[in-house]
Amino acid sequence: MTGGPPPAGVTGGPPPIGDFSAAPPRGEIEVLRAGALTTVQDQGRVGWAHLGVPRSGALDPAALRLANRLVGNPESAAGLEITLTGCDLRVNRATTVAVVGAEADVWIGPRPGDTGRPLAVPGGTVLRIGPARRGLRCWLAVAGGIAVDPVLGSRSTDTLAGLGPAPLRDGDLLPLGVAPGPPAPVDLTVPPSFPAELRLTVRLGPRQDWFTSAALDRLLGTAYQVSPLSNRVGARLAGAPLPRAAAGELPSEGIVLGAVQVPADGQPLVFLADHPTTGGYPVIAVVDDVTLLAQARPGTTVRFYGPER
Amino acid sequence: MRIRPVGAHALLLDLTPPPTPSPGDATAPGGNADGGTVAGLVEAWRAELWRRRAQGDLVATEIVPAATTVLLDGVPDPGSTATRIARWTPTLRPEPTPGAAYPTPPRRSWSCGCDKESHNKTKSRPQLHDRRRESAADLAVELAEDLAAARSSAGGGAGDGDAVGASSGGGGLVEVPVSFDGEDLPRVAELWRVDVPAVVHQLRETEFRVAFCGFAPGFGYLTGLPAELAVPRLATPRPRVPAGAVGLAGPYAGIYPSASPGGWLLVGRTGLTLFDVTADPPALLTPGTRVRLVPA
């Protein structure tokens, strides 16, 4: 876990004793198969919204924090957010990894591994994360963290603003940081649940008065389905349209994570990590906890519950 | 002003002017007629909240000014925070009234480094309590009269706002060299019922102010044009507007920091870098900054 890996192509032989001063070498993870969408994520780029910079960060920040703890990283370390189809990586330095989130097969070379626990990976091994069987996304933490250069204090890929590293492509090389400590002595973590129907608690407002009372009844009384058009910016929902009471345009205003924005077609959209910092469509309600939506595959049923009703 | 809770740990200061019941008057379609005043209120509150946060009176991860609102996000206790904010009065800087004959600004150009206020990066992570905070929902505070009084006593917009601007962040002047050759200039001229040189003259003579940023990192919404010169967006947005394009939409002017789709009417372009992640601050046009479009 300490020192650098042997130079590429050289097997065996420990690094020279006392050679701890060299900068971490680049390219310790080689992307063999990037999958549908794999991005570098950390806890996000907060503090810049007044300049139009979105928050970004892992769609389920707690899952990435857990993965980091499992490998001995600080919770703020960057990992990979892997969407639906999995990915294959060659890990060129002996290290520890952990995969948290969707239910998927994990292979370390020829050996099967488990999600939700630290896994030792010998240098030069191919780490394979299979397609999600249940859920949609998983987070991979590697001891030392993905050490791409931070942008405005975060290593997150922002798919809307185009900040941070681009989504991974086959052949990319990723640097790793120095592993800060031993992995957590963990055998088992509580697996996530993947309910067939998501219950999302909302608080109404700030613009519920732009909607008819029928719209509020529909929002809190009917089921919506997650649309395939959903992405890291927002979970688009399909269902009973939410008619407006007020015509006209809402001047742009600030948008928070979890805002349920209703564009002209009346179909609600729940803003996720890459949401813009301002928006011009009225927000009928705000979801308390959007992390459930990180695992919501298209077609998943969503019901809103509000304390006001 | 109304303070609305937005989710579990955010507040929205709504500075939309209250509807004035005026029988027989069915105007005010977009609420832009009073846009200049609201923009001034938004900027004053943004600066006040920023100052309060720097002093330690306010805990908020994000303070986001917008057209008629200021959003506070990452507020650990929205209920009590709303109560405290309701007692605050922003210090107003004199602001020229858009469309009026504005005072001659000092011919002094500040670099983008003028906005050196603390970004207060010591964040306290919001605690997501489940306790209900609906009490804040009913919190509607009428500060408009106080603000109007404060504004009128602040100098009536006749003076030089630099001293105030320097202390509250923003307020510096950025001159943006622009080539006025946008392909929508004839359309704007038609909408304004003038010729193209008159459009260019108006744009060059207007002192803009960054009301807020949004849409993309570093995209500033520039106020200052008279409300009657508001223009519609393109019915079909262009798939790609190049970086540096200067456009108009609604009551605002704006400059695209990077290439993107966009529906604003294009009047010119600049070679200036508007957003640079290695700069501090990364955006050239921060909220409150005064902007002049000068010939390239």
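The rules we used
Residues numbered from 1 in each chain as written. Chains lettered and ligands numbered in written order. Predicted model: local features only at pLDDT ≥ 70, side-chain atom pairs only at ≥ 80, totals over all residues. Heavy atoms only, no water. Helix = DSSP H or I, 4+ residues; strand = E, 2+ residues; numbered from the N terminus. Rg over C-alpha atoms; globule rule 2.2 N^0.38 Å. Buried < 20%, exposed > 50% of the residue type's maximum accessible area, 1.4 Å probe, protein only. Contact = heavy atoms within 4.5 Å. Areas by Shrake-Rupley, 256 points an atom, 1.4 Å probe, with all protein chains shown as cover. Lys, Arg positive; Asp, Glu negative; His and termini not counted. Charge placed at Lys NZ, Arg CZ, Asp CG, Glu CD. Buried area = accessible area lost by both parts, 1.4 Å probe. Salt bridge = Lys/Arg side-chain N within 4 Å of Asp/Glu carboxyl O. Polar contact = N/O pair within 3.5 Å; in protein donor to acceptor, adjacent residues only side chain to side chain. Nonpolar A, V, L, I, M, F, W, Y, C, P; charged D, E, K, R; others polar. Domains from an automatic or database assignment. Pairing = 2+ DSSP bridges. Axes fitted to C-alpha atoms, helices over the stretch in contact; angles between N-to-C directions. Phe/Tyr/Trp six-rings, centres within 6.5 Å; stacked < 30°, edge-to-face > 60°. Lys NZ or Arg CZ within 6 Å of the ring centre and 35° of its normal.

**Structural notes on the overall build of chain A**
1) Next: In terms of regular secondary structure, chain A is built from 2 helices and 18 strands.
2) Next: For 309 residues, the compact-globule estimate of 2.2 N^0.38 gives 19 Å, and chain A sits close to it at 21 Å.
3) Next: Each of the 309 residues in chain A was classed as buried or not, and the buried ones make up 53%.
4) Next: Of the contacts made within chain A by residues no fewer than 6 positions apart, 77% connect residues no fewer than 24 positions apart.
5) Next: In the form shown here, chain A has an accessible surface area of approximately 12,400 Å², with 57% of it arising from carbon and sulfur atoms.
6) Next: For chain A, the separation between the mean place of its 26 positive charges and that of its 26 negative charges on side chains is 2 Å.

**Thoughts on the interface of chain A and chain B**
1) Next: Each partner contributes residues to the interface: chain A has 32 residues there, and chain B has 43 residues.
2) Next: Roughly 3,000 Å² of surface becomes buried between chain A and chain B when both sides are summed, with 59% attributable to carbon and sulfur atoms.
3) Next: The interface formed by chain A and chain B includes 2 salt bridges.
4) Next: Across the pair Arg207 of chain A and Asp14 of chain B runs a salt bridge whose closest N-O atoms are separated by 2.8 Å.
5) Next: The tally of links from chain A across to chain B stands at 8 residue pairs in polar contact (both at pLDDT 80 or more).
6) Next: The residue makeup of the side of chain A that touches chain B, split by class, is 17 nonpolar, 7 polar and 8 charged.

**Observations concerning the domain arrangement of chain B**
Residues and elements named next belong to chain B.
1) Next: Here chain B is described as being made up of domain 1 (2-17 + 36-86) and domain 2 (173-295).
2) Next: Relative to domain 2, the C-alpha centre of domain 1 lies at a distance of 27 Å.
3) Next: Counting residues at the interface gives 7 residues for domain 1 and 7 residues for domain 2.
4) Next: Where domain 1 abuts domain 2, roughly 510 Å² becomes buried across the two surfaces, and 67% of that area is made up of carbon and sulfur atoms.
5) Next: The interface formed by domain 1 and domain 2 holds 0 salt bridges in total.
6) Next: The interface formed by domain 1 and domain 2 contains 0 residue pairs in polar contact (both at pLDDT 80 or more).
7) Next: Ranked by the residues each element gives to the side of domain 1 that touches domain 2, the list is headed by helix H1 (residues 35-55), at 4 residues.

**So, the sheet that holds strand E10 (residues 197-204) of chain A**
Residue and element names in this part refer to chain A.
1) Next: As summarised here, the arrangement of the 7 strands in space is E10-E17-E14-E15-E12-E11-E18, forming a closed barrel in which the pairing is mixed. When strand polarity is set aside, the average angle formed by the axes of neighbouring strands in this sheet is 40 degrees.
2) Next: In terms of strand pairing, strand E12 (residues 234-238) meets strand E15 (residues 269-271) through 3 bridges, oriented antiparallel. Bridging from a neighbouring strand, Arg236 pairs with Leu269 of E15.

**Some details on the packing of aromatic side chains**
1) Next: This model, assessed by the stated rule, comprises 10 aromatic pairs over all chains.
2) Next: Considering the side-chain rings of Phe215 of chain B and Phe219 of chain B, the 5.1 Å spacing of their centres and the 70 degrees angle between planes classify their relative orientation as edge-to-face.
3) Next: Looking at Phe215 of chain B, the relative accessible area reads 39%, which means it is partly exposed.
4) Next: Consider the rings of Phe215 of chain B and Tyr256 of chain B, whose centres lie 5.9 Å apart with planes at 85 degrees: the pair is edge-to-face. A residue pair is termed long-range when its members are at least 10 positions apart, and Phe215 of chain B in the loop between strand E6 (208-213) and strand E7 (220-223) and Tyr256 of chain B in the loop between strand E10 (252-255) and strand E11 (260-262) qualify at 41 residues.
5) Next: Aromatic ring contacts, followed pair by pair, group Phe212, Phe215, Phe219, Tyr221, Tyr252, Tyr256 and Trp264 of chain B into a single cluster.
6) Next: Positioned above the aromatic ring of Tyr305 of chain A is the side chain of Arg199 of chain A, whose terminal nitrogen or guanidinium carbon lies 3.9 Å from the ring centre.
7) Next: Sitting above the plane of the Trp50 of chain B ring, Arg53 of chain B keeps its charged end 5.0 Å from the centroid.

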